[in-house]
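Now for the letters of each chain:
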Amino acid sequence: MPLLTVHNQQISWTPLLILGHLFYLILGAMVFQLLEKQAETRSREQFQLEKLKFLQNYTCLDKQALEQFVQVLREAWEKGVNPEGNSTNRSNWDFSNSFFFAGTVITTIGYGHLSPTTVPGQIFCVFYALFGVPLNVACLNQLGKGLSARLITLERWVQKPGRAQVVQTLAVAIFLTIGTLLFLVFPPLLFSHVEGWTYGEGFYFTFITLSTIGFGDYVVGTNPNKHYIPVYRSLTVIWVVFGLAWLALVFNVGADLMEKFLQLKCHKSDLSLAEGDTTKVDDEPEQPRIHIPS
């Protein structure tokens, strides 16, 4: 890790990065609290109001019976059963949905909307992830190397003598733009059309998925009122794998640029310090010499 020179003192970047990381977390916590806390309070009040209205309309029920029914709904939701619709809803564990779930396991997205409820299923999930996650990492590394090779080839092509800096910048921009269109711009259009989301919600789902954050508030193929083609979620998994490789490459490029920026700042600081020391030596008056006769 390069060192930062401040007032002739060399300081490691490591504690500064840790402090910056902590500050970024605190900043995020403050902003999320400011944006979401009031909305949560309104939702809680609205939910309590709806329960009171329900009890007023159905006087044969008491509050305890309603709370028990709400508990049943919550447990069903936690087990992946959508309370909407009826028992004829499509199974969450048919092959297409199971393929989608397996993809969320090995990619560590883990939406949280569905999980094994049987002990054998939970045990198998542990060992499946134990071997599947490294396999997925190896696959993403190979895909990333392939994309990096294409990027290196493009850099070598644009860096040939006679090509202007504008051409080089334009070529790299085209490479990043194509990936952005394929993995971040066009997919939300499809998801918003199929799922009935807005484009903003589709883009939110796309980025949260490819960054493996996976909150689970938006998941494709879970609306019981819609009829999906059987391979819809399976194709989504394939898109996720290639999208993860591309986004990982973008994150790596961003991290490399940040590291090079820090090294450049450090190098400039060292040069400034060295020039200052040289100037100081040059400005010092020459000390008188005393001749001692032999």
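Rules behind the numbers
Residues numbered from 1 in each chain as written. Predicted model: local features only at pLDDT ≥ 70, side-chain atom pairs only at ≥ 80, totals over all residues. Heavy atoms only, no water. Core = buried A, V, L, I, M, F, W, Y, C linked by side-chain atoms within 4.5 Å. Buried < 20%, exposed > 50% of the residue type's maximum accessible area, 1.4 Å probe, protein only. Helix = DSSP H or I, 4+ residues; strand = E, 2+ residues; numbered from the N terminus. Contact = heavy atoms within 4.5 Å. pLDDT = per-residue confidence, 0-100. Salt bridge = Lys/Arg side-chain N within 4 Å of Asp/Glu carboxyl O. Phe/Tyr/Trp six-rings, centres within 6.5 Å; stacked < 30°, edge-to-face > 60°.

K.L.:
Where do I start with the nonpolar core in this structure?
P.N.:
Soluble globular proteins tend to pack their nonpolar side chains together in the buried interior. Ranked by size, the top nonpolar core spans 22 residues in total, and within it Phe100, Tyr111, Phe191, Phe205, Leu210, Val220 and Trp239 carry the most contacts. Those elements that provide at least two residues to this core are α5 (165–195), α6 (199–210) and α7 (232–283). At nine residues, the largest contribution of residues to this core is made by α7. In contact with phenylalanine 100, other than residues within four places in its own chain, are Tyr111, His113, Val219, Val220, Arg233, Thr236 and Val237.

K.L.:
Help me out: how do you make sense of the confidence of the model for the protein chain in this one?
P.N.:
Detailed conclusions should not be drawn from predicted coordinates in areas where pLDDT is low. Per-chain confidence: the protein chain averages 80 in pLDDT, with 77% of residues scoring 70 or above. The spread of mean pLDDT over the elements of the protein chain runs between strand β1 (residues 3–6), the lowest at 58, and α6, the highest at 94. Across residues 289–294, where pLDDT falls below 50, the model places zero contacts with residues more than four positions away in sequence or in other chains.

K.L.:
Sorry if this is basic, but what is going on with the pattern of salt bridges here?
P.N.:
Proximity of charged atoms lets side chains of opposite charge pair with each other. Evaluated as defined, the whole model comprises two salt bridges. Of the charged contacts in the structure, one is a salt bridge between arginine 44 and glutamate 40, with a shortest N-O distance of 3.1 Å. You can see arginine 44 and its partner glutamate 40 sitting in helix α1 (residues 13–57), four residues apart, about one turn around the helix. Here glutamate 67 and lysine 51 are joined by a salt bridge, their closest N and O atoms 2.6 Å apart. With glutamate 67 in helix α2 (residues 63–78) and lysine 51 in helix α1, this pair connects stretches of sequence that are 16 residues apart.

K.L.:
How should the side chain of lysine 51 be read in this particular structure?
P.N.:
Among the residues examined, lysine 51 registers a relative accessible area of 11% and is labelled buried. Once you skip the residues sitting within four places of it in the chain, lysine 51 turns out to touch Leu66, Glu67 and Val70.

K.L.:
Sorry if this is basic, but what is going on with the packing of aromatic side chains here?
P.N.:
The relative placement of two aromatic rings is captured by the distance of their centres and the angle of their planes. All chains considered together, the criterion is met by 13 aromatic pairs. Arranged with centres 6.2 Å apart and planes meeting at 35°, the rings of phenylalanine 95 and phenylalanine 99 form a pair that is tilted. Placement of the pair is phenylalanine 95 and phenylalanine 99 together in helix α3 (residues 95–106), with a separation of four residues, close to one helical turn. Exposure remark for phenylalanine 95: the relative accessible area of 68% places this residue in the exposed category. Its relative accessible area of 34% is what places phenylalanine 99 among the partly exposed residues. Grouping aromatic residues by their ring pairs yields a cluster made of Phe100, Tyr111, Phe191, Trp197, Tyr204, Phe205, Tyr218 and Trp239.

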